[in-house]
Amino acid sequence: VQLQASGGGLVQAGGSLRLSCAASGRTFSSYAMGWFRQAPGKEREFVAAISWSGGSTYYADSVKGRFTISRDNARNTVYLQMNSLKPEDTAVYYCAADSGPAVVAGTAGYWGQGTQVTVSS
């Protein structure tokens, strides 16, 4: 599976962005998907994950109620809708694919190239 993340940009605090992660390969629908982020000088952290069917979702406490992960298996794409953005959300965002436990643990076998999100105060 090859992953291509997009949708990042510069936004003011309180604004919204929607990230997309397009996957190649016919087995996309069999993978759990996730989003991670890494801010300068910090370790990569888990943001959100979604099961292969889309029936289960998981979020980091820091984004609960503000971010929503979803997927469209017909389009081989996973999304991250980010609302009420804060300056501390500034980071490079990466998508990942693998089994559910591997995605949540950050040990997924497939990663996208990252897209920059910058939130100004």
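Residues numbered from 1 in each chain as written. Predicted model: local features only at pLDDT ≥ 70, side-chain atom pairs only at ≥ 80, totals over all residues. Heavy atoms only, no water.

Comments concerning the pattern of salt bridges
We apply this condition: Salt bridges are defined by distance alone: a side-chain nitrogen of Lys or Arg within 4 Å of a carboxyl oxygen of Asp or Glu. Buried means the residue's accessible area, taken with a 1.4 Å probe over protein chains only, is under 20% of the maximum for its type, while exposed means over 50%, and partly exposed covers the values in between.
Inspection of the entire model under this criterion finds five salt bridges. For Asp 61, the salt bridge is made with Lys 64, and the minimal N-O distance between the two is 3.2 Å. Judged by relative accessible area, Lys 64 falls into the partly exposed class, the value being 49%. One salt bridge in this structure joins Asp 72 and Arg 75, with 2.9 Å as the shortest N-O distance. In the salt-bridge network here, residues are joined through shared partners; they are Arg 37, Glu 45, Arg 66 and Asp 89.

Considerations on the sheet that holds strand β3 (residues 17-24)
Note the following rule: Here, any two strands with at least 2 DSSP bridges between them count as paired. The helix count covers DSSP runs of H or I at least four residues long, the strand count covers runs of E at least two residues long, and both are numbered beginning at the N terminus. What counts as an axis is a line fitted to C-alpha atoms, over the stretch in contact for a helix, and the angles between N-to-C directions run from 0 to 180 degrees.
Strand order across the open sheet formed by four strands is β1-β3-β8-β7, with antiparallel pairing between neighbours. A strand with exactly one partner marks an edge of an open sheet, and here the two such strands are β1 (2-6) and β7 (67-72). In this sheet, neighbouring strand axes are inclined to one another by 15° on average, regardless of whether the strands run parallel or antiparallel. Bridge count for β1 against β3 is five bridges, and the pairing is antiparallel. Across the sheet, the residue bridging to Ala 5 is Cys 21, located in β3.

Read these as spatial facts, not as claims about activity.
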